[in-house]
Amino acid sequence: QKEVEQNSGPLSVPEGAIASLNCTYSDRGSQSFFWYRQYSGKSPELIMSIYSNGDKEDGRFTAQLNKASQYVSLLIRDSQPSDSATYLCAGHILTGGGNKLTFGTGTQLKVEL
Amino acid sequence: DTGVSQDPRHKITKRGQNVTFRCDPISEHNRLYWYRQTLGQGPEFLTYFQNEAQLEKSRLLSDRFSAERPKGSFSTLEIQRTEQGDSAMYLCASSFTGSNTEAFFGQGTRLTVV
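Criteria and thresholds
Residues numbered from 1 in each chain as written. Chains lettered and ligands numbered in written order. Predicted model: local features only at pLDDT ≥ 70, side-chain atom pairs only at ≥ 80, totals over all residues. Heavy atoms only, no water. Contact = heavy atoms within 4.5 Å. Buried area = accessible area lost by both parts, 1.4 Å probe. Salt bridge = Lys/Arg side-chain N within 4 Å of Asp/Glu carboxyl O. Helix = DSSP H or I, 4+ residues; strand = E, 2+ residues; numbered from the N terminus. Nonpolar A, V, L, I, M, F, W, Y, C, P; charged D, E, K, R; others polar. Pairing = 2+ DSSP bridges. Axes fitted to C-alpha atoms, helices over the stretch in contact; angles between N-to-C directions.

(A) Representation of the interface of chain B and chain A within the structure. Of the residues lining the interface, 25 residues belong to chain B; the matching set on chain A comes to 22 residues. When chain B packs against chain A, close to 1,800 Å² is buried across both sides, 51% of that on carbon and sulfur atoms. Seen at the junction of chain B and chain A, the total is 1 salt bridge. B:E56 is paired through a salt bridge with A:K100; the nearest N and O atoms lie 3.3 Å apart. When contributions to the side of chain B that touches chain A are tallied by element, the ones reaching two or more residues are strand 4 (31–37), strand 5 (44–50), strand 6 (53–57), strand 9 (88–95) and strand 10 (104–105) of chain B. Per-element tally for the side of chain B that touches chain A: the top contributor is strand 4 of chain B, with 4 residues. Partitioned by chemical class, the residues of the side of chain B that touches chain A number 11 nonpolar, 10 polar and 4 charged.

(B) Main features of the sheet that holds strand 1 (residues 5–7) of chain B. Residue and element names in this part refer to chain B. Read across the sheet, 4 strands follow the order 1-3-8-7 without closing on themselves; strand pairing throughout is antiparallel. Of all strands in the sheet, those bounded by a partner on one side alone are strand 1 and strand 7 (65–68). Sheet twist, expressed as the mean angle between neighbouring strand axes with direction ignored, is 15°. Here strand 3 (residues 19–24) pairs with strand 8 (residues 75–79) via 5 bridges, running antiparallel. In the strand pairing of strand 8, T20 is matched with E78.

Right under this line is the structure:
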């Protein structure tokens, strides 16, 4: 089982709709999670971090964390064509050397006009 | 501070040659990560440092790969005897220590082995 898993997509949504991106993780001890956006050919850009159960909102983005279900999600409201990118879920996974930031394979989002 | 800086941005090398990449983290960030990313995949963990100490190295990493972070500041990643399979984007990220800290990436070094 991968430490962080995502559906690779592509996920297609019409402009103005809500995009819902999901992620599961295997290590119940993981404490913190992050969402990165990555445009083609560019490096990942941090857009959201979440450390406790519940929702965290920032503009059009809402991150949700459910530690009991080991589930993280990202909602993008009023999706725009500029949101078309790959969204990477990452978590701090506890290892023998401490904790390392581990990524899923990413979900490609396409926002259609 | 302009963020994490990586050099070079692009590198083309012949198979069998050695290459070295440099990463300058955000100042005062004591944790530094190296990742490798190929097309359609998420960043794959290679290694990470806390200050000058290398805390973990991926088991998938062959002994042709080595990383250093002398004095806990910039880091270098060296690949010896490059192979075509080493072609990828090499990403560096830095953060403060701790699990509830955010990591920020540099622009990456794209390596092409011909």
